[in-house]
Amino acid sequence: MTRTASTASPPAPAAEPGRTGKSHSRRRTPGAASWRDRPSRRITPWLFLLAPLVLLVTFTYVPVGNMIYYSFTDWDGVSPDRNFVGGENYTELFTRPELFKVFAVSLYYLAASAVQIVVALYFAAVLSFDLRFRNLFKGILFFPYLINGVAIGFVFLYFFQDGGTLDSVLSWFGADPARAWLGSPESANTSLAGVSVWRFTGLNFVLFLGAIQSIPGELYEAAELDGATRWQQFRHIIAPSIRPVLSLSVILAISGSLSVFEIPYIMTGGATETSTFVIQTVKFAFQFNKTGLASACAVVLLVIILLITWIQRRIVPDEKVDLV
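Residues numbered from 1 in each chain as written. Predicted model: local features only at pLDDT ≥ 70, side-chain atom pairs only at ≥ 80, totals over all residues. Heavy atoms only, no water.

A. Representation of the overall build of the chain within the structure. A tally of regular secondary structure across the chain gives 13 helices and zero strands. Order of helices (α) and strands (β) in the chain, N terminus to C terminus: α-α-α-α-α-α-α-α-α-α-α-α-α. Burial statistics for the chain: of 324 residues in total, 32% are counted as buried. Long-range pairs, those at least 24 residues apart, make up 66% of the contacts in the chain with a sequence separation of at least 6. About 21400 Å² of surface is accessible on the chain, with carbon and sulfur atoms providing 65% of the total. (Helix = DSSP H or I, 4+ residues; strand = E, 2+ residues; numbered from the N terminus. Buried < 20%, exposed > 50% of the residue type's maximum accessible area, 1.4 Å probe, protein only. Contact = heavy atoms within 4.5 Å. Areas by Shrake-Rupley, 256 points an atom, 1.4 Å probe, with all protein chains shown as cover.)

B. The arrangement of the packing of helix 4 (residues 134-146) against helix 7 (residues 185-213) in detail. Viewed as axis vectors pointing N to C, helix 4 and helix 7 meet at an angle of 130 degrees, and their least axial separation amounts to 6 Å. Compared by their axis directions, helix 4 and helix 7 come out oblique. Relative to helix 7, helix 4 is oriented so that their crossing is left-handed. Facing K138, L141, F142, P144 and Y145 of helix 4, the residues of helix 7 in contact are W198, R199, F200, G202, L203, F205, V206, L209 and Q213. Broken down by class, the residue content of the contact of helix 4 with helix 7 amounts to ten nonpolar, two polar and two charged. (Axes fitted to C-alpha atoms, helices over the stretch in contact; angles between N-to-C directions. Parallel < 35°, antiparallel > 145°, perpendicular 65-115°, else oblique. Left-handed = near helix turned anticlockwise from the far one by under 90°. Nonpolar A, V, L, I, M, F, W, Y, C, P; charged D, E, K, R; others polar.)

C. Quick look at the side chain of S191. Mapped onto the secondary structure, S191 falls in helix 7. Ignoring anything within four residues of it in the chain, the contact list for S191 reads F160, W181 and L182.

D. Representation of the pattern of salt bridges. Scanning all chains against the criterion turns up four salt bridges. R96 is the salt-bridge partner of E98, the closest N and O atoms lying 3.1 Å from each other. Judged by its relative accessible area of 26%, R96 is partly exposed. With a closest N to O distance of 2.1 Å, R199 and E262 form a salt bridge. Linking R199 in helix 7 with E262 in helix 11 (residues 262-267), this pair joins segments that are 63 residues apart in sequence. Using a relative accessible area of 9% as the deciding quantity, one classes R199 as buried. Residue E262 is classed as partly exposed on the basis of its relative accessible area of 29%. (Salt bridge = Lys/Arg side-chain N within 4 Å of Asp/Glu carboxyl O.)

E. Representation of the packing of aromatic side chains. As enumerated under the stated definition, the model contains 18 aromatic pairs in all. Both rings, one in F72 and one in Y90, keep their centres 5.4 Å apart while their planes meet at 50 degrees; by these two values the pair is tilted. Residue F72 is found in the loop between helix 1 (39-70) and helix 2 (88-94), and its partner Y90 is found in helix 2; the two are separated by 18 residues along the sequence. Here F100 and F103 contribute two aromatic rings whose centre-to-centre distance is 6.0 Å and whose plane-to-plane angle is 25 degrees, an arrangement assigned as stacked. Assessed through its relative accessible area of 24%, F100 is described here as partly exposed. Three or more aromatic residues joined by ring pairs make a cluster, and in this case those are F94, F100, F103 and F277. Across the ring face of W75, the terminal group of R82 is positioned such that the distance to the ring centre comes to 4.5 Å. (Phe/Tyr/Trp six-rings, centres within 6.5 Å; stacked < 30°, edge-to-face > 60°. Lys NZ or Arg CZ within 6 Å of the ring centre and 35° of its normal.)

F. Quick look at a nonpolar patch on the surface. Among the surface-exposed residues, W46, L49, L53, L56, V57, Y61 and V62 lie close enough to one another that they form a single nonpolar patch of about 670 Å² accessible area. With respect to the helices and strands, the residue L49 is situated in helix 1. (Patch = residues over 30% accessible without salt bridge, like charges linked within 9 Å, V, L, I, M, F, W, Y side chains within 5 Å.)

G. A look at the nonpolar core. Counting 22 residues, the largest nonpolar core has F205, I212, Y220 and I238 as the members making the most contacts within it. Elements represented by at least two residues in this core include exactly helix 3 (106-127), helix 7, helix 8 (217-225) and helix 9 (230-241). At six residues, helix 3 tops the list of elements feeding residues into this core. The residues touching I238, leaving out its near neighbours within four places in the chain, are F129, I212, I215, Y220 and Q233. F103, A285, A296 and I305 belong to the second largest nonpolar core, which has 19 residues in total. (Core = buried A, V, L, I, M, F, W, Y, C linked by side-chain atoms within 4.5 Å.)

H. Up close: helix 12 (residues 277-286). Among the ten residues that make up helix 12, seven are buried, leaving the element largely enclosed by the rest of the structure. Listed as buried for helix 12 are F277, V278, I279, Q280, T281, F284 and A285. Of the surrounding elements, those touching the buried residues of helix 12 are helix 10 (243-258), helix 11 and helix 13 (291-315).

I. Representation of helix 3 within the structure. An ideal rise of 1.5 Å per residue puts 32 Å on 22 residues; helix 3 measures up with 31 Å between its terminal C-alpha atoms. Buried within helix 3 are the following residues: S106, Y109, A112, S113, Q116, I117, A120, L121, A124, A125 and L127. For helix 3, the elements touching its buried residues are helix 4, helix 7, helix 9, helix 10 and helix 11. (Expected span 1.5 Å × (residues − 1).)

Given below as structure tokens:
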């Protein structure tokens, strides 16, 4: 009996673990550069940042550097000659106490800033809930901030003048309108601070409203199920979550109260003891042609604002709030 040769094909080799015969994975050869390691990929983010960085340096840091340089000169703002005088401008500034008395006017605007923060926070908390006509009220509150400051100054200049709008409204209620609202330092500064409250409440309102609307709705639903009132929801949910925005608003309020300019400059020109530090600085530069001294005033104001901001950051540091 003879043997016949088998005609069956030899068995296929066993596939390697983790691989199939149809898919072929590409292995990166040692030393080959990935697409993430290409030079163009590494410089692409900087190319996107190039334009804003150029604008930031050109219109912020270069003017600040020039201002610091001018503060050490006797430049009058017109002549091409800039003689270096060292610290004479700062010596004159700190040896004349009357130049710092204008900071007392900033207290009126600081108090007005506290009022506008409280008012803006109240309306932001109320309008964050589902109310009728809340979009209408949002527009009404934010609209004053969209108006140009010069236009606001002229409008309220007629509003506070003798026999103007305010006197006419008060006469309807039997009040004596014979009063110069911008005639005395107390009433003038109070009136100007009230105008700033009317104008800048909308900015704080939008900041608070955006922060409140970013809170997850599930927290309100859970609080309502637990029987929490609106005040308890504000105290335990809203207030902790908007703490960073509230800190930012306080910083803006302090810096804004120290650098008030357009409203008192348009309405009174700094008369009746309503001059602020910025108005005084502008007069030094453009009325008395002392650009060097004005630059020193601007540098001092910048240092004061940065110092106050640093102190506030140290006293009330930002904390990450995680409510969920």
